[in-house]
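This is what each chain is made of:
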Amino acid sequence: MGESQRRYDLIIVAFVFLLAIVLEYREAFSLIEDETLSYRQILRTHYADEYLTSPSEEVVIVYTDEDFYAEYDKYPLRRVDLSTLILRLNEMGAKVIGVDMLLDFKSAYGEDPTLVDALATAGNFLMVSQADISGGEYLGVNTAIDVFAEHTQDGYSNISANSAISESIVRLRVHTTLAEKFDAWPFAVKAVSMFLDDAEVTLENHTLSIGEELTVELDQFYDLYIDYPLLPPSGDEATARLHEVVGMSASELLFAVDEEELEDLAFLVADKIVLIGEVAEVAHDEFKTPVGNVYGVEIIANTISTILKNGPLNAASLWLEILVGLILMGLFIATRTIQAPFQRNTISAGIIVLFVGSVFITYISFGLILSLSYTLMASLISIVVINSRYYLNEMAQKAVIRDMFGQYLSPDVVADLVKSPEKLSLGGEERELTAFFSDIAKFSTFSESMSATELVTVLNEYLTGMCNIIIDEHGTVDKFEGDLIMAFWGAPTLLEHHAKHACFAAIDQRKALANLREKWVAEGKPAIEVRMGIHTGKMVVGNMGSAQRMNYTIMGDAVNLASRLEGANKAYDSRIMISESTYAVCHESIDARELDTIRVVGKNDPVTVYQLLERKNQTQGVLADLVEQYASALALYKNGNYQDALLGFKSCVKLDAEDGPALSMVSRCESFIETPPVNDWDHVFTLVEKG
């Protein structure tokens, strides 16, 4: 089993933790995470510092509920009566009066002048508005009608769940675009600003500042996490509602109230933020939160309280999230070394318990919000992957025999034979394929410098690396003969662009050889050079041999030519030589240099040969210039102008003093100048040795 296969679990574990960090930062799915916040917030209300878990003493809710409307005998609250509430609260010393009602239309009963007079008299009134956001575009702010807006300030009350599935209200988003374009802020932020004597509101580097007294840290989306308080038990429900704890019914201020009664109630609202809002079911203004269902005006009150306490809940920074993820990833990777499954899984479970406990403690005690669901899922996946590795390794041992045969046959051949057992019979078919031969140059000199054991080790490393590349490019390894590799493309399974894949494999082998050469030289071994030959043509492919012993291989004249091209590299000191037929079918995918037109040993037909350089348009620098210069010189050579051709090839040598093809052609031109060839020579160079 290869190193990458043995470590696939390590790669997957690293990937899932990296993915968890990315998903957490982007909040790809908030449903589960917000649910975990619910449990954390409930525990926080019971165990955190009492100052943080208590409702703010600076906020009072004046509410209208079912009992109020039963006595009021109409719905909704009329504007003339809202005017009365405003004036009386102002007389009682309320610092800020805010109403959770969007009065963006004129009264049909002529009540607006009365309310305008009340607003002008109070002078400390805040009305709710709505940000107009459509398709992510900020269009403006929908405020109260002009006659009201002239005497009030406003803040938008847009608030929604982060998840498209869950409706839980966990945080308030401060829309930076609204602040920049319209100087618009959330209702709660504006209320605190007015409470602090119209303190300036600024937002910089995810820090919301209100005057010089308050700073609140926001998360990467400019969200403020709302710190819901602990509420006492209630007779009707598990816990009381916030308006029952820090509020009074509008009926106490509106019905049969005299001056003395107002003075008695003044201490409840004096110098405080007073919010007027609906808590009646008929208003349908109830929302799900981490601590249960809460009315809209109560969410505003809790948000104001959170801001006044400098935002006790803060999302962990990205760097802290990454650090926690890396620590957990390292711990789970370390469990890979534990062979016993019970011990391994017990330790893994302990890691998860420790992590979850730490996340809850940091939230409860310090208000630090660490991601739980994303990292927890990554941890569970890691446990499954690591256990799967052990299971698959055990299963792999049962396939040892099949794997041993797989060392000798291409995986495609094995799969093909499993599908079609009849192919085990002798015989073959003619098909256009691409054949490949490679051989180590001066192998005898190379082998003499090492012991037999060292030579076997080096050859195994070389052959394994080269064959992996062949197989990765969909090739079939035919056989080895010492250091020679024979392979082909296009069989047993059909491969449309087999010549291109063969060329790509040769290019990748050349690059891999450069790394091997550097490694071996560092180890004191001799440097090697490998010659490769590639030809595309008609060949016979199939099972050849006897009924007792057969080999899936290729045969034919085209195969022999590929072998000859490998040897022909020697005449040009080149490394990869391809035939004109190979070049013709894949020239749009490769960079190649035309070397010459030759007759290889044992063949009468000429063949134009090319030096394979790179994938298309990846030949750069000096080599690109050299190829262009070589082509010009070769054209002169073919026209019999050996003198000018010599100058052209020498120019190539100036660009690269070790360019084998140019050096070979310089030598040939000098020879032809001294002893010209016969007049009817066809400019086909005949090789006299196989290489």
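Note: the structure precedes this text.
Residues numbered from 1 in each chain as written. Predicted model: local features only at pLDDT ≥ 70, side-chain atom pairs only at ≥ 80, totals over all residues. Heavy atoms only, no water.

Novice: I'm lost on helix α23 (residues 557-572) in this one. Help?
Specialist: Taking 1.5 Å of rise per residue, 16 residues should cover 22 Å, and α23 covers 23 Å from first to last C-alpha, within 8% of that figure. At E566, α23 shows its largest bend, some 30°. Of the residues making up α23, those classed as buried are A558, V559, L561, A562, L565, E566, G567, A568, N569 and Y572. D573 sits one or two positions beyond α23 and adopts a positive phi of about 50°. (Helix = DSSP H or I, 4+ residues; strand = E, 2+ residues; numbered from the N terminus. Expected span 1.5 Å × (residues − 1). Bend = angle between axes of the 7 residues up to and from the residue. Buried < 20%, exposed > 50% of the residue type's maximum accessible area, 1.4 Å probe, protein only.)

Novice: Help me understand the pattern of salt bridges, please; the structure alone is not making it clear to me.
Specialist: For the structure on display, the rule yields 31 salt bridges. Among the salt bridges present, the one from E614 reaches R510, with a minimum N-O distance of 3.8 Å. Of this pair, E614 sits in strand β24 (residues 607-615) while R510 sits in helix α22 (residues 498-522), placing them 104 residues apart in sequence. On the accessibility criterion, E614 (12% relative accessible area) is buried. Within the structure, one salt-bridge network assembled from shared partners comprises E461, K519, E523 and K525. (Salt bridge = Lys/Arg side-chain N within 4 Å of Asp/Glu carboxyl O.)

Novice: What am I meant to see in the packing of aromatic side chains here?
Specialist: In this description, a pair of aromatic rings is defined by centroid distance and the angle of the planes. Evaluated as defined, the whole model comprises 15 aromatic pairs. Their ring planes at 80° and their centres at 6.0 Å tell us that F436 and W489 sit as a pair that is edge-to-face. Linking F436 in strand β17 (residues 427-440) with W489 in strand β19 (residues 484-489), this pair joins segments that are 53 residues apart in sequence. For the pair shown, F436 and W489 are each scored as buried. Among the aromatic residues, ring-to-ring pairing joins F68, Y69, Y72, Y75 and F255 into one connected group. The residue whose ring lies beneath R615 is F504, and the NZ or CZ to ring-centre distance is 4.3 Å. (Phe/Tyr/Trp six-rings, centres within 6.5 Å; stacked < 30°, edge-to-face > 60°. Lys NZ or Arg CZ within 6 Å of the ring centre and 35° of its normal.)

Novice: Any chance you could explain the packing of helix α15 (residues 318-334) against helix α16 (residues 341-366) here in plain terms?
Specialist: Any two packed helices are characterised by the angle at which their axes cross and by the distance between the axes. Between α15 and α16, whose axes approach to 10 Å, the crossing angle comes to 165°. Of the possible angle classes, the one that applies to α15 and α16 is roughly antiparallel. Seen along the crossing, α15 lies across α16 with a hand that is right-handed. Touching V324, L328, L331 and F332 of α15 are S348, I351, I352 and F355, all from α16. Split into classes, the residues belonging to the contact of α15 with α16 amount to 7 nonpolar, 1 polar and no charged. (Axes fitted to C-alpha atoms, helices over the stretch in contact; angles between N-to-C directions. Parallel < 35°, antiparallel > 145°, perpendicular 65-115°, else oblique. Left-handed = near helix turned anticlockwise from the far one by under 90°. Contact = heavy atoms within 4.5 Å. Nonpolar A, V, L, I, M, F, W, Y, C, P; charged D, E, K, R; others polar.)

Novice: Help me understand unusual backbone geometry in this model?
Specialist: Leave glycine aside and you will find that most residues have negative phi; peptide bonds, for their part, are mostly trans. Geometrically, the link from Y75 to P76 is a cis peptide bond, its omega value of 0° lying close to zero. Looking at the element boundaries, P76 is found in the loop between α5 (66-72) and α6 (79-91). Note the cis peptide between A491 and P492, where omega equals 5°. Along the polypeptide, P492 turns up in the loop between β19 and α22.

Novice: Explain α22 here, please?
Specialist: For an α-helix, the turn length of 3.6 residues means that residues three or four places apart are oriented alike. In this model α22 runs 36 Å from its N-terminal to its C-terminal C-alpha over 25 residues, within 8% of the 36 Å that 1.5 Å per residue would give. Directly beyond the C-terminal end of α22, a positive phi value near 85° is found at G524.

Novice: Got a minute to help me understand the sheet that holds strand β8 (residues 207-210) in this structure?
Specialist: Taking strand neighbours across the sheet as the criterion, the 3 strands line up as β7-β8-β9 in an open arrangement whose pairing is antiparallel. In this open sheet, the two edge strands, each paired with only one partner strand, are β7 (201-204) and β9 (214-217). Taken over all neighbouring pairs, the strand axes of this sheet differ in orientation by 20° on average, direction set aside. Packed on one face of the sheet, helix α10 (residues 187-195) meets β7, β8 and β9 and runs near 35° to β8. (Pairing = 2+ DSSP bridges.)

Novice: Would you mind showing me how to read the pairing of strand β2 (residues 96-99) here?
Specialist: Consecutive side chains of a regular strand alternate in pointing toward one face of the sheet and then the other. Here β2 shows a buried face lined by V96 and G98 and a second buried face lined by I97 and V99. Note that β2 and strand β12 (residues 273-278) share 4 bridges and pair parallel. Considered in β12, the bridge of G98 is made with L275. Note: β2 against strand β3 (residues 125-134), 3 bridges, orientation parallel. Following the sheet pairing, G98 is matched in β3 by L126.

Novice: I tried to follow the nonpolar core on my own but got confused; where do I start?
Specialist: In a soluble, globular protein the nonpolar side chains are often hidden away together inside. Counting residues in each nonpolar core, the largest one holds 43 residues, and the members touching the most others are V192, I210, L275, I304 and I307. Counting residues per element, the ones that place at least two in this core are β1 (59-64), β3, α9 (176-182), α10, β8, β9, β12 and α14 (296-308). The biggest single contributor to this core is α10, with 7 residues. Leave out the neighbours within four places in its chain, and L275 touches V59, V60, I61, V62, G98, F187, V297, I300, A301 and I304. Judged by nonpolar contacts, the second largest core, of 39 residues, contains L455, A506, I534 and L612. (Core = buried A, V, L, I, M, F, W, Y, C linked by side-chain atoms within 4.5 Å.)

Novice: Would you mind showing me how to read the side chain of E321 here?
Specialist: Within the secondary structure layout, E321 lies in helix α15. Although E321 is buried, it makes no salt bridge; R40 carries the closest opposite charge, 7.6 Å away. Beyond its immediate chain neighbours, meaning those up to four positions away, E321 contacts I21, E24, A316, I369, L370 and S371. (Lys, Arg positive; Asp, Glu negative; His and termini not counted.)

Novice: Would you mind showing me how to read a negative patch on the surface here?
Specialist: Together, E91, D258, E259, E260, E261, E263 and D264 give the surface a local cluster of negative charge. If you tally residues by element for the negative patch, the top one is helix α13 (residues 259-269), at 5 residues. Within the secondary structure layout, E260 lies in helix α13. (Patch = residues over 30% accessible without salt bridge, like charges linked within 9 Å, V, L, I, M, F, W, Y side chains within 5 Å. Areas by Shrake-Rupley, 256 points an atom, 1.4 Å probe, with all protein chains shown as cover. Charge placed at Lys NZ, Arg CZ, Asp CG, Glu CD.)

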